[in-house]
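Examining the three-dimensional arrangement
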Amino acid sequence: MTKDLTNGPPLRLILAFAAPLALGSLFQQFYSLADTVIVGRFLGVGALAAVGSTGSLHYMVLGFVMGLCNGFAIPMARAFGAKDEAALRRAVAGSVWLCAGFGLALTVCTVALTRPILLLMQTPADILDGAAAYIGMMFAGIPAIFLYNMVSALMRALGDSKTPLYFLLLSSVLNIGLDLALILLLDAGVFGAALATVVSQLVSGLLSLWVLVRRFKLCLPRRGEWAPAARPALELCRAGVPMGLQCSITAIGSVVLQGAVNGLGSVTVAAVTAASKASMLLSVPLESIGTAMATYAGQNLGALRLDRVRQGVRCSLAVGAAYSAASFAVFRLAGQWVLLLFMDAGETAVLAQAQLVLFWYSAFYLMLSTLIVFRYTLQGLGCSALAMMAGAAEMAARALVAFWLVPRFGILGAAFSNPAAWAAACLYLAPVYFFELPRLQNRVNTEVLSRRSSMAAAAGPQAQKRPSRRTAG
């Protein structure tokens, strides 16, 4: 079922579109969250640290895949908003070829380089083998990640954010069941946790693809439209590659930071892992608002309605501010109980450090919500290359924290890593948004005049041929 976001109240449309995305993202978080909870509770702090030490490395690749797929969906959203079904089908065909190529290359490279990268990141010797087993299996499942994210991104481009949610719910339950079976019954350790995640993602992707083929026939390429074409592929890469690189560039800073945290020992690694997982869980609705804004902005740009984009940004910023305040209150009141999902109450040293990190993360959620709205809106407006530079600002900020604050202040320095990155990105993105919007408005005005001239030219000859009512009478 498609959804037109170019008509109707912006706030209602954005929230209605974002709600299924938030639920879907929560269930997607359960993939890694279930691993972390089950591993931490049943395999111990050492296994938790092994899984956590790979988090930034995993996100560097996962973020590229998700950013790439979301970027590919932007030309599709613009084509759908402009009611150009031929362009939509060309974009779908091109995205299939590009995802296949990127998926194969990433899988081969990451699996081959897993252990050398972990050594470069100063992964503690007591968790190195477990970390290599876990992240190696996750990297082997990259094709499954591509499949689900590309199909779900296409559905969102067409205005349907609900269908991927249903299958993600099913696969999340499957992931938890497989986690318990592989870890508790088959004693597969952290490798079993990764295998459960990959299998669950594959099931989700295949089910989503099945529904796409059956229910979204308007976007399916016809027989002569599957051949690779340079122009659609180039347009897709212009939108997708910067978004993918933005996530990866951001994650490079996290990888550098992870190396600094690894040097503080397994207890600190476990604490940062637990705090990061808890923070990511509560920040999911903010990301969903951003994803909704990318589709909303893309469709309205295709419909030449930049006024609606401005309204959507204002509404999203207000929602983000309210949610940020509520999240901070939740973590102040119940942060310890959230962290106890990942560890036993007897791990007092880990728990104390995790609470410190979580406090400073949640205190700066307002900056996080602001950068998310501006970043995704710029991506939806086709300014992916400019938005990518925010990732560079985040990378630089995290690297600075890793090299300067962490060695001097330890866990407190690590606690300021994300707030510093969010602040750096905000200082860049807000001016870029307000600078780019008038430029885009000029382009839209030119396009509107061009379309009116074309319509007038087409209607002119018809008006001359058509007899007037007075003459006909």
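Residues numbered from 1 in each chain as written. Predicted model: local features only at pLDDT ≥ 70, side-chain atom pairs only at ≥ 80, totals over all residues. Heavy atoms only, no water.

Helix and strand counts for the protein chain stand at 18 helices and zero strands. Taking all 473 residues of the protein chain together, 53% fall into the buried category. Counted over contacts in the protein chain with a minimum sequence separation of 6, partners at least 24 positions apart contribute 85%. Accessible surface, the protein chain: about 20,200 Å² in total, of which carbon and sulfur atoms supply 68%. (Helix = DSSP H or I, 4+ residues; strand = E, 2+ residues; numbered from the N terminus. Buried < 20%, exposed > 50% of the residue type's maximum accessible area, 1.4 Å probe, protein only. Contact = heavy atoms within 4.5 Å. Areas by Shrake-Rupley, 256 points an atom, 1.4 Å probe, with all protein chains shown as cover.)

The next subject is unusual backbone geometry. With a phi angle near 55°, Asp187 is a residue other than glycine that sits in the positive phi range. Along the chain, Asp187 turns up in the loop between α7 (163-185) and α8 (189-215).

A word on the confidence of the model for the protein chain. Per-residue pLDDT for the protein chain averages 80, and the proportion of residues at 70 or more is 90%. Here helix α18 (residues 469-472) stands out as the least confident element of the protein chain, with mean pLDDT 41; helix α14 (residues 365-380) is the most confident, with 89. (pLDDT = per-residue confidence, 0-100.)

Taken as a whole and assessed by the stated rule, the structure comprises three cavities of 30 Å³ or more. Considered as a void within the structure, the second largest cavity measures approximately 110 Å³ in volume. Forming the walls of the second largest cavity are Asn70, Ala73, Ile74, Ala77, Ala153, Arg156, Ala157, Met243, Thr291, Ala294, Thr295 and Tyr376. Sorting the residues of the lining of the second largest cavity by element identifies α3 (55-81), α6 (142-157) and α11 (284-302) as the ones contributing at least two each. Looking at the lining of the second largest cavity element by element, the count peaks at four residues for α3. Looking at the lining of the second largest cavity, its residues break down into eight nonpolar, three polar and one charged. (1 Å grid on protein atoms, 1.4 Å probe; cavity = no way out; pocket = protein on both sides within 12 Å on 5 of 7 lines; lining within 4 Å. Points joined across faces, edges and corners; volume = space filled by probe spheres on them. Nonpolar A, V, L, I, M, F, W, Y, C, P; charged D, E, K, R; others polar.)

A contiguous nonpolar patch, built from Phe42, Leu43, Ile176, Leu180, Leu184, Leu185 and Leu186 and spanning about 680 Å² of accessible area, is present on the exposed surface. Considering every element that reaches the nonpolar patch, the biggest residue donor is α7, with four residues. Within the secondary structure, Ile176 is located in helix α7. You can call Ile176 partly exposed: its relative accessible area is 36%. (Patch = residues over 30% accessible without salt bridge, like charges linked within 9 Å, V, L, I, M, F, W, Y side chains within 5 Å. Salt bridge = Lys/Arg side-chain N within 4 Å of Asp/Glu carboxyl O.)

We now examine the environment of Ala131. Here Ala131 is to be found in helix α5 (residues 128-140). Taking the C-alpha atoms as reference points, Ala131 and Ser53, 78 residues apart in sequence, are found 6.9 Å from one another.

What follows deals with the side chain of Ser316. If you trace the backbone, Ser316 turns up in helix α12 (residues 306-339). Those residues in contact with Ser316 that sit more than four places away from it in its chain are Ile14, Ile289, Met293 and Val373.

Summed over all chains, the structure comprises five salt bridges. Put simply, Asp307 and Arg305 hold a salt bridge, and the shortest N to O gap is 3.0 Å. Several salt bridges converge on common partners, so that one network encompasses Arg375, Glu394 and Arg398.

By secondary structure assignment, the location of Arg89 is in helix α4 (residues 85-120). Residue classification places Arg89 among the buried positions, given a relative accessible area of 7%. Ignoring sequence-local partners within four residues, the contact set of Arg89 consists of Leu218, Cys219, Leu220, Pro221, Arg222 and Glu225.

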